[in-house]
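# Overview (structure and organization)
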Amino acid sequence: MASRTQVIPARDTLKRLRRLLDETPRLAPKFKAAKNVVRAFRRPAFYEVSQRCNLFCEGCFYFEGPSLVKARQAPGVETWRAFFENEARERKVSMAYFAGAEPALEQERLFAAKDFFPYCNVGTNGIVKIDPEIPFRIAVSVWGDAETDAKLRGADVFRKALANYGEDPRVLVYYTLSAWNLDSAREVVIMCKDHGLPLTFNMYSPTTPYLDKADDGVANDKAYFRLAKKGHTPSFDDETLLACRSLVRDLIQEFPETIIYTEAYNDWATRLGGMFDVDEETGIAKNCGSRIIGNLSYYGTDLQSRELKCPTPDVDCRDCRMYSAGWSTRLQIQPHDVLSVEALETWCDDLAILGKIFLYPPDNRTSMRSAPRQSLDREPSLNAIP
């Protein structure tokens with residue numbers, strides 16, 4: 001068995017992968033399923049559909065930073081529809097993410113997109129129900145129980161989300177873990193279980209301006225910097241990271257039918273020192289799969305392409321543990337994933353969970369078969385494996 005610390009040069013990854021698959025036929029079905037998940041993300045795009053919100057979340061990554069560009073006037077619905085149709089037809093976008101402040105406040109724009117993309121994913125706080133006719137994966141953000149939500153977000157969000165979405169097959173709750181809310185995680189999982197909703201985990205990742213305010217001792221405001229101060233933010237330190245790892249591991253084992261997560265990903269997301277290799281000069285993660293490069297694109301509410309480092313550009317890469325960035329990075333097989341049969345099987349298992357988190361409907365085989373077999377413009381390409 002190869003050591004986890006052994007380094008295999010990237011150019012040899014594909015060769016090693018082929019060898020492992022030849023030597024371990026039982027992995028063939030898992031690997032085929034993993035390849036299908038990768039293909040669903042062959043050409044992703046982010047569409048900012050809203051610049052309005054009904055909450056004031058502490059350290060909001062959308063409003064608490066300089067990258068926000070306020071649109072003078074958003075296009076009409078027919079323009080949105082024509083734009084989405086062109087994105088699907090000409091650029092062949094396979095995965096559409098609908099983001100911004102609160103997309104549920106601009107549902108006519110979601111309706112404009114619903115007929116064009118194989119897979120769609122929209123993030124929401126759950127206060128306003130997204131129409132049942134919109135067939136997207138709905139990622140409902142939760143920060144804690146009623147008391148914690150009210151403190152960190154300004155309203156009892158979770159109970160409203162449960163009332164709106166109980167038993168809704170489109171919905172996945174993602175609980176944003178932070179140093180301030182670990183003690184309410186179990187209660188949230190139980191409530192999701194009782195309402196027939198699966199749950200996954202996100203990890204709080206601060207923006208650089210938010211951390212700067214805390215470090216500089218800036219006075220608190222009534223918006224997105226209400227609670228933090230120097231030495232007291234929701235950010236993880238080594239102690240809370242290890243506590244988070246242990247908590248999530250226990251919850252996965254206790255609620256396997258409710259929690260959509262893996263212990264391997266949990267170990268990676270909570271590792272000390274950060275998830276990504278960050279360039280010391282620019283402060284930008286070099287190995288993050290959520291970087292807006294290659295086939296990944298981002299459009300503002302004016303439908304103009306924006307050149308950003310990632311869809312959450314004000315988040316500090318050194319402290320970023322966001323589920324979107326982490327799972328995007330897992331899409332590309334890495335040298336350490338082919339160190340052994342066990343490592344490759346772990347990657348396949350992670351990809352199966354990634355599919356459950358992001359893809360709806362979960363078995364969209366028609367669109368997958370009709371889609372061109374394109375890579376993610378990163379090497380090694382899984383399409384080289386038969």
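Residues numbered from 1 in each chain as written. Predicted model: local features only at pLDDT ≥ 70, side-chain atom pairs only at ≥ 80, totals over all residues. Heavy atoms only, no water.

Here helix H6 (residues 157-165) has its buried residues at Val157, Phe158, Ala161, Leu162 and Tyr165. Axial view of H6: buried residues confined to an arc of 130°, hence all on one face. Buried residues along H6 sit in contact with strand S4 (137-142), helix H5 (146-153), strand S5 (171-177) and helix H7 (185-194). Looking at the residues trailing H6, positive phi occurs at Glu167, about 70°. (Buried < 20%, exposed > 50% of the residue type's maximum accessible area, 1.4 Å probe, protein only. Helix = DSSP H or I, 4+ residues; strand = E, 2+ residues; numbered from the N terminus. Arc of directions from axis to C-beta. Contact = heavy atoms within 4.5 Å.)

Turning our eyes to something else, we now look at the pairing of strand S6 (residues 199-203). Burial of S6 is extensive: five of the five residues sit out of reach of the surface. Because side chains alternate across S6, one face comprises the buried residues Leu199, Phe201 and Met203, and the other comprises Thr200 and Asn202, equally buried. Taken together, S5, H7 and S6 form a β-α-β motif whose crossover is right-handed. (Right-handed = clockwise from strand over helix to strand, strands pointing away.)

A few words on the pattern of salt bridges. All chains considered together, the criterion is met by 18 salt bridges. Here Asp115 makes a salt bridge to Arg81, at a shortest N to O gap of 3.5 Å. Remark: Arg81 occurs in helix H3 (residues 77-89) and Asp115 occurs in the loop between helix H4 (107-113) and strand S3 (119-124); sequence separation between them is 34 residues. The shortest N-O distance in the salt bridge between Glu254 and Arg186 comes to 2.2 Å. Here Glu254, found in helix H9 (residues 238-254), pairs with Arg186, found in helix H7; they are 68 residues apart in sequence, far enough to count as distant. One network of salt bridges, with partners in common, ties together Arg26, Lys30, Glu345 and Asp349. (Salt bridge = Lys/Arg side-chain N within 4 Å of Asp/Glu carboxyl O.)

With respect to the helices and strands, Asp149 occurs in helix H5. Sequence-distant contacts of Asp149, defined by excluding residues within four places in its chain, comprise Trp143, Gly144, Gly154, Ala155, Asp156, Val157 and Phe158.

Our next topic: the sheet that holds strand S2 (residues 95-100). Strand order in the open sheet formed by seven strands is S6-S5-S4-S3-S2-S1-S7, with parallel pairing between adjacent strands. What marks the edges here is a single partner per strand, and that holds for S6 and strand S7 (297-299). With direction set aside, neighbouring strand axes in the sheet form an average angle of 25°. The pairing of strand S1 (residues 44-50) with S7 spans three bridges and is classified as parallel. Its bridge partner being in S7, Tyr47 is matched across the sheet by Tyr299. (Pairing = 2+ DSSP bridges. Axes fitted to C-alpha atoms, helices over the stretch in contact; angles between N-to-C directions.)

Here we take up the confidence of the model for the protein. Per-residue confidence for the protein averages 91 on the pLDDT scale, and 91% of its residues sit at or above 70. Within the model, the stretch residues 1-5 combines pLDDT values under 50 with nine contacts to residues more than four positions away or in other chains. Counted against residues more than four places away or in other chains, residues 365-380, with its pLDDT under 50, gives 35 contacts. (pLDDT = per-residue confidence, 0-100.)

What follows deals with unusual backbone geometry. With an omega of -5°, the peptide bond between Tyr360 and Pro361 qualifies as cis. Here Pro361 is to be found in the loop between helix H12 (341-358) and helix H13 (365-370). A positive phi angle is found at Leu303, which is not glycine, with a value near 65°. Relative to the helices and strands, Leu303 is located in the loop between S7 and helix H11 (323-330).

What follows is about empty space enclosed by the protein. All told, the structure shown has three cavities of 30 Å³ or more when counted by the stated rule. As a volume, the second largest cavity reaches approximately 110 Å³. Forming the walls of the second largest cavity are 15 residues, and the residues nearest its centre are Cys288, Cys310, Thr312, Cys320 and Ala325. (1 Å grid on protein atoms, 1.4 Å probe; cavity = no way out; pocket = protein on both sides within 12 Å on 5 of 7 lines; lining within 4 Å. Points joined across faces, edges and corners; volume = space filled by probe spheres on them.)

Looking now at the pairing of S1. On a regular strand, one side chain projects to one face of the sheet and the next to the other, so that they alternate. For S1, the buried fraction is high: seven of the seven residues fall into the buried class. Pairing between S1 and S2: six bridges, direction parallel. Counterpart to Ser50 in the pairing with S2 is Gly100. With H3 bridging S1 and its parallel neighbour S2, the resulting β-α-β unit is right-handed.

This brings us to helix H2 (residues 28-40). For H2, built from 13 residues, the straight-helix expectation of 18 Å at 1.5 Å per residue is met to within 8% by its first-to-last C-alpha distance of 19 Å. Taken together, the buried positions of H2 are occupied by Phe31, Ala34, Lys35, Val37, Val38, Arg39 and Ala40. (Expected span 1.5 Å × (residues − 1).)

With that settled, the discussion passes to the nonpolar core. Soluble globular proteins tend to pack their nonpolar side chains together in the buried interior. Ranked by internal contacts, the top residues of the largest apolar core, which has 103 residues, are Phe41, Tyr47, Phe84, Phe98, Phe117 and Phe201. Ranked by residue count, the leading element in this core is H12, at eight residues. (Core = buried A, V, L, I, M, F, W, Y, C linked by side-chain atoms within 4.5 Å.)

This brings us to the environment of Arg159. For Arg159, the location among the structural elements is in helix H6. In sequence terms Arg159 and Pro66 are 93 residues apart; their C-alpha atoms lie 32 Å from each other. Contact partners of Arg159, with chain neighbours within four places excluded, come to Ala146 and Met191.

Our focus in this paragraph is the packing of H7 against H9. One can describe the packing of H7 onto H9 by two numbers: an axis separation of 11 Å at closest approach and a directional angle of 25°. By the criterion of interaxial angle, the relationship of H7 to H9 is roughly parallel. The two elements H7 and H9 cross, and the hand of that crossing is right-handed. Only Leu247, Leu251 and Glu254 of H9 make contact with H7, whose side of the interface consists of Ala185, Arg186 and Val189. Split by residue class, the contact of H7 with H9 holds four nonpolar, no polar and two charged. (Parallel < 35°, antiparallel > 145°, perpendicular 65-115°, else oblique. Left-handed = near helix turned anticlockwise from the far one by under 90°. Nonpolar A, V, L, I, M, F, W, Y, C, P; charged D, E, K, R; others polar.)

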